[in-house]
Amino acid sequence: MKQLLYISKGELFYPQEQTGTIISCQAVEKYKSNLREINQRKEWKTKGAGALFMGLSDYNNQEFLAASGSFVSDAVFAEEGEFIYSALLDTGTAIYSKPLSECEKYEGLILRKNDLKVYDLAYDKKNHRLAIAASTLGYDRHIAILGIDSAQIDFLTEGDSIDSNPAFDPKNPERLYYDSCGFAYGEHGNMIGVGAKEICQLNLQSGALETIIESSNFDFIKPQIDLDGNLYFIQKPYLHLGKSSFSFKNIFLAPVKIVKALIGWLDFFTTRYAGESLKTTGANPAKMKQKSEEEIFIEGNLINAQKTLIENQKSGEKFPGIAPKNWELMKMNKSGNISSVKKGVLSYRLSEDGELFYSNGKHLIRMSRSNGEELICESDLISKIIYS
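Now for a quick tour of the structure. (Residues numbered from 1 in each chain as written. Predicted model: local features only at pLDDT ≥ 70, side-chain atom pairs only at ≥ 80, totals over all residues. Heavy atoms only, no water.)

**A look at the sheet that holds strand β26 (residues 372-378)**
Cut-off, in case you're wondering: Two strands pair if DSSP finds at least two bridges between them. Helix numbering and strand numbering both begin at the N terminus, where a helix is a DSSP run of H or I of at least 4 residues and a strand a DSSP run of E of at least 2. As a rule, the C-alpha atoms of each element are fitted with a line to give its axis, helices using only the stretch in contact, and angles between N-to-C directions run from 0 to 180 degrees.
Across the sheet, 4 strands lie side by side as β23-β24-β25-β26; this open sheet has antiparallel pairing. Two strands in the sheet have a free side with no partner beyond their single neighbour: β23 (347-350) and β26. Direction aside, neighbouring strands of the sheet carry axes that sit 20 degrees apart on average. For strand β25 (residues 363-368) and β26, the ladder comprises 6 bridges, and the chain directions are antiparallel.

Have a look at this one:
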């Protein structure tokens, strides 16, 4: 039986009756519950004049910030009726398997590590293994193979790069696709530049690595292969550092801008997942609320959601979303010819029977040759779509 799940704002959902039902993920829930218990036991430290005098009155905010770093990062269907999910738990990772029919009763531990962050999963049914995009320290993120039964991790890529979104070729799981970009460190160990994302193919038997598509003007992300050997990916503009406003002043201010961007990114997730903002209480709450609603980070890009939604509504979209039109789902056939499949795509998933599921930031939509586009449910910021 075919099953469909999706991840929105760090939670796993099952689409039902034009909306989504949250699926319990015990790794995240237990972690947050433990943080709340610790917070309650130490609550006496954060109340009263003494706590205020000692500068400890923000302990609650610190605990909430820690909890905000705990969410479901990805999921895949494995054996019949079973799925595997990964969760980021502050600085660590947990990977569990569980049956879809008994979500509340049982979870089987596959991996739990405190010095590893797993962001993306791909499942190889033939060899019962996972490809993961994971990070240990620093900004780098690399592709590794995780044995489900052995819990052994073998890293396949290395260096100053960010490798993400692994995908097995369904007809030949020895071929693995992923997106990758390099980055540069500054004098003080901070990141000062990120290159454009390209699609790579790695042969797991020979170790041969090939760049499939690259450009200095576009990011190519989230590759997937269909049963006919066609390569799908999302193409979006690459934001060149200083492309139109290069100056020594920009170079000098780059660390400041990076810190501001990092604070903005953390504030976005803290506000979304913990209901708290990292910004000072002295700021205008109405202005902060408006910015939170209108400007959001998607795949590292700051997008004006309200403006983009209005533009998509005016263009006559059947289900207008907040993904910009220049975020296109593309298809490259085996001859190397590239065509556009759909504009305004945030995430997507191919099915073996020729259907396509995609999100435009506000809706989960099924697209097929026979029925066109069909709304499955409304949900904001779907980052991952899981189908089997």
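**Examining helix α6 (residues 305-314)**
Put simply, the rule reads: Burial classes: relative accessible area under 20% of the type maximum marks a residue as buried, over 50% as exposed, and values in between as partly exposed (1.4 Å probe, protein chains only). Note that the arc is computed from the directions linking the helix axis to the C-beta atoms. The term polar contact refers here to a pair of N or O atoms within 3.5 Å; inside protein, the definition further demands a hydrogen-donor-capable atom paired with an acceptor-capable atom, and it admits residues adjacent in sequence only when both atoms are side-chain atoms.
Among all positions in α6, only A305, T308, L309 and N312 are buried. Looking down the long axis of α6, one finds its buried residues gathered within 100 degrees of arc, a one-sided arrangement. Exposed side chains of α6 directed beyond 90 degrees from the buried face belong to K307 and K314. Capping the start of α6 is the job of one residue whose side-chain oxygen sits 3.4 Å from the backbone nitrogen of Q306: N304. Remark: G316 follows α6 within two positions and exhibits a positive phi of approximately 90 degrees.

**Some words on the sheet that holds strand β1 (residues 4-8)**
Strand order in the open sheet made by the 4 strands is β3-β2-β1-β27, with antiparallel pairing throughout. Of all the strands in the sheet, just β3 (19-22) and β27 (382-387) have a single pairing partner and so form its edges. Direction aside, neighbouring strands of the sheet carry axes that sit 35 degrees apart on average. Bridge count between β1 and strand β2 (residues 11-16): 3 bridges; the pairing is antiparallel. Bridging from a neighbouring strand, Y6 pairs with F13 of β2.

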